[in-house]
Amino acid sequence: MFFRLPAKLKGKGVDEAKVAALRERVPEPVRDRVPPGQFVTNGWPVLHFGGVPRFVEATWSFRAWGHVENPVTLDYRAFRDLPTVERTMDIHCVTRWSKLDMTWEGVSMRHLLDMIRPTADARFVIAHCEAGFTANLPISAILDDEVLLAHRADGSDLSLDHGWPLRLVVPARYFWKSAKWLRGLEFVREDQPGFWEQNGYHNDADPWKEERHW
Ligand SMILES: Nc1nc2c(c(=O)[nH]1)N[C@H]1C(S)=C(S)[C@@H](COP(=O)(O)O)O[C@H]1N2
Ligand SMILES: [Mo]
């Protein structure tokens, strides 16, 4: 598949001097929490490829399948009945903005993993979203206690734009791996680069190593 991406999503051709100037404004006490080449924003930009999907509660479901002992399919009510936790974290977008101290609420990935029990064969997880969008992660990246299947951020339900009713949040990777409008997780043996990873973004996406592009 070939997609032509809007320049602002590619995060290329950035004005490095401007980023450096914005970075100067990051208050000293938190500067060491901001990865190289990033600046801090208080706003929350909306970025994605394609349209915002409609949410229809009656037909919505969440599935976890593949190399797991106990695959599940949960309807919206069943998903919302799962226990939730709140975590505070910093997020870093490849387009250079970072947002510090966001509070996120949702089902912890650890809880889901306890339910479905990935087998030893499961080395990668593919997030499947509305409209065929995917994102890939190694299992090690989702064992982190901060990884959530989130439906709220900063005290409010997510807006449709930000991924309502469910998005993945993986703060240790660039934000494109935090897939919006999540509908399922597939546990696989071989890695399968996701949508952005096939479109020039780095497979690993560690902001501290500036793994932006391939
Ligand atoms: N389903 C889906 N999720 C997605 C994307 C997308 O195109 N589709 N884009 C990613 C990118 S590139 C970013 S930077 C973040 C942006 O999330 P935000 O709009 O809540 O800031 O969503 C990520 N999740
Ligand atoms: Mo992004």
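Definitions and limits used
- Residues numbered from 1 in each chain as written.
- Chains lettered and ligands numbered in written order.
- Predicted model: local features only at pLDDT ≥ 70, side-chain atom pairs only at ≥ 80, totals over all residues.
- Heavy atoms only, no water.
- Buried < 20%, exposed > 50% of the residue type's maximum accessible area, 1.4 Å probe, protein only.
- Helix = DSSP H or I, 4+ residues; strand = E, 2+ residues; numbered from the N terminus.
- Pairing = 2+ DSSP bridges.
- Axes fitted to C-alpha atoms, helices over the stretch in contact; angles between N-to-C directions.
- Contact = heavy atoms within 4.5 Å.

Digging into the pairing of strand S5 (residues 97–108)
- With respect to burial, S5 is a largely interior element, 10 of its 12 residues being buried.
- With two bridges joining them, strand S1 (residues 39–40) and S5 adopt parallel strand pairing. Bridged to phenylalanine 39 within S5 is tryptophan 97.
- Pairing of strand S4 (residues 85–92) with S5 involves seven bridges; the strand directions are antiparallel. Counterpart to isoleucine 91 in the pairing with S5 is lysine 99.
- Between the end of S4 and the start of S5, which pair antiparallel, lie four residues, with arginine 96 showing a positive phi angle near 95 degrees.
- Here S5 pairs with strand S8 (residues 148–153) via five bridges, running antiparallel. Bridging across to S8, serine 108 finds its partner in leucine 148.

Details of the sheet that holds strand S3 (residues 72–75)
- Taking strand neighbours across the sheet as the criterion, the five strands line up as S3-S2-S11-S6-S7 in an open arrangement whose pairing is mixed. Unpaired on one side and paired on the other, S3 and strand S7 (134–138) mark the two borders of the sheet. For this sheet, the mean angle separating the axes of adjacent strands, direction not counted, is 15 degrees.
- In this sheet, strand S11 (residues 182–188) lies alongside strand S6 (residues 124–129) in antiparallel orientation, the contact comprising six bridges. Paired with valine 125 across the two strands is phenylalanine 187, which belongs to S11.
- Seen against the sheet, helix H5 (residues 109–116) touches strand S2 (61–66), S3 and S11 and runs at an angle of roughly 55 degrees to S11.

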